[in-house]
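Inside the fold
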Amino acid sequence: MSAEITCIIVDDEPLAVKLLESFVQKTPQLRLEHSFTDSVEALAWLKEHPVNLAFMDIQMPDLNGMELSHMLPEGTKVIFTTAFKEYAFDSYEVSAIDFLLKPIRYNKFIAAVEKAQQWFKRTEVREERVEPRNERRETMFIRVDGELRQISFDSIIYVEGMKDYVRFHIEGERLPLTTHMTMKAVEDALPQDTFMRINRSYIVRLDKIRTVDRNLCVYIGDEIIRVTDAYREAFERYCSEH
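My aim in this report is to walk through the structure given alongside it, one point at a time.

Right, let's talk about the overall build of the chain for a bit. Each helix and strand in the chain was counted, giving 7 helices and 15 strands. Per-residue burial over the chain gives 46% buried out of 242 residues. If you take every contact in the chain between residues at least 6 apart in sequence, the share linking residues at least 24 apart comes to 50%. Of the roughly 13900 Å² of accessible surface on the chain, a fraction of 48% belongs to carbon and sulfur atoms.

Bringing unusual backbone geometry into the picture now. Backbone torsion omega between Lys102 and Pro103 reads -5 degrees, so that peptide bond is classified as cis. By the secondary structure assignment, Pro103 is in the loop between strand E5 (98-101) and helix H5 (106-129). With a phi angle near 50 degrees, Asp145 is a residue other than glycine that sits in the positive phi range. Using a relative accessible area of 78% as the deciding quantity, one classes Asp145 as exposed. Phi angles above zero are rare outside glycine, and Lys163 is one such case at about 55 degrees. Secondary-structure assignment places Lys163 in the loop between strand E8 (156-162) and strand E9 (165-170).

As a further point, take the sheet that holds strand E4 (residues 77-82). On the basis of which strands lie adjacent, the open sheet formed by 5 strands has the order E2-E1-E3-E4-E5 and parallel pairing. Edge strands, defined here as strands with exactly one partner in the open sheet, are strand E2 (30-36) and E5. Ignoring which end each strand starts from, the neighbouring axes of this sheet average 20 degrees apart. The strands that helix H1 (residues 14-25) touches are strand E1 (5-10), E2, strand E3 (53-57) and E4; relative to E2, the one it contacts most, it runs at about 165 degrees. Running at roughly 130 degrees to E2, helix H2 (residues 39-48) makes contact with E1 and E2 of the sheet.

Before going further, it helps to examine the packing of aromatic side chains. Scanning all chains against the criterion turns up 8 aromatic pairs. With centroids separated by 6.0 Å and ring planes inclined at 25 degrees, the aromatic side chains of Tyr106 and Phe109 adopt a geometry described as stacked. Of this pair, Tyr106 and Phe109 are both found in helix H5, 3 residues apart, which corresponds to roughly one turn of the helix. Given the relative accessible area of 24%, Tyr106 is considered partly exposed. For Phe109, a relative accessible area of 0% corresponds to the buried category. Ring-pair connections join several aromatic residues into one group, and the members of that group are Phe23, Phe55, Tyr106 and Phe109. Here Lys26 stacks its cationic end above the ring of Tyr106, 4.4 Å away from the centre of that ring.

Moving on: the nonpolar core. Of all hydrophobic cores here, the largest spans 37 residues; its most connected members are Met56, Ile198 and Phe235. With 4 residues, H2 is the largest single contributor of residues to this core. For Met56, the residues in contact, after removing those within four places along its chain, are Val10, Gly65, Leu68, Ser69, Leu72, Val78, Ile79, Phe80 and Thr81. Formed by 20 residues, the second largest nonpolar core is a distinct cluster that contains Leu20, Val24, Ile104 and Phe109.

Analysis parameters
Residues numbered from 1 in each chain as written. Predicted model: local features only at pLDDT ≥ 70, side-chain atom pairs only at ≥ 80, totals over all residues. Heavy atoms only, no water. Helix = DSSP H or I, 4+ residues; strand = E, 2+ residues; numbered from the N terminus. Buried < 20%, exposed > 50% of the residue type's maximum accessible area, 1.4 Å probe, protein only. Contact = heavy atoms within 4.5 Å. Areas by Shrake-Rupley, 256 points an atom, 1.4 Å probe, with all protein chains shown as cover. Pairing = 2+ DSSP bridges. Axes fitted to C-alpha atoms, helices over the stretch in contact; angles between N-to-C directions. Phe/Tyr/Trp six-rings, centres within 6.5 Å; stacked < 30°, edge-to-face > 60°. Lys NZ or Arg CZ within 6 Å of the ring centre and 35° of its normal. Core = buried A, V, L, I, M, F, W, Y, C linked by side-chain atoms within 4.5 Å.

Right under this line is the structure:
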């Protein structure tokens, strides 16, 4: 990656956007591609114009920053900006580069940018060291009752989130397998072409879906799961393409 980091700003407060724009303009490491006060509009734009970094508010209407962070293109990292310090822990759960508390001072802003630079440099070095591999990963290990269980991706019907735990619903298993993981970690581990998150608490294997009704409720396994607004566009696009 070049020394310059491409970025966007997403915040429903116009004054907050103006402040961050002024910070970006005087930071030579950054190139601002776009600013948004609407998170849904930002998501649609990002799908066609991926960037390295998003400065993103958390509390926003329709699609909040935490929800949006799960839907960003691969390679786009986040620096959260918010007036509520209680979101700090959540920001680390989604692997944000940093968390800036409003009102944001420039010295804090530039420190976060330097963290981002270091992250991209480390990633670039790792990619240079890793030899290309053609084989696709087909399984994952999860810890269940103190033991590591290897599960095949093909056997997973859906995954259910429960705070700091997730439940894997597996074909041939009478009971779900419960392990200590975040939904974000599961989402990152599963192949994106065969699994999709359809609300905050569920990831489904797409070829296991039996029916999708007019209310966008998914019938899979023994469960009926509603596709929520934050994930509706991606799911409807998948359905129209397959």
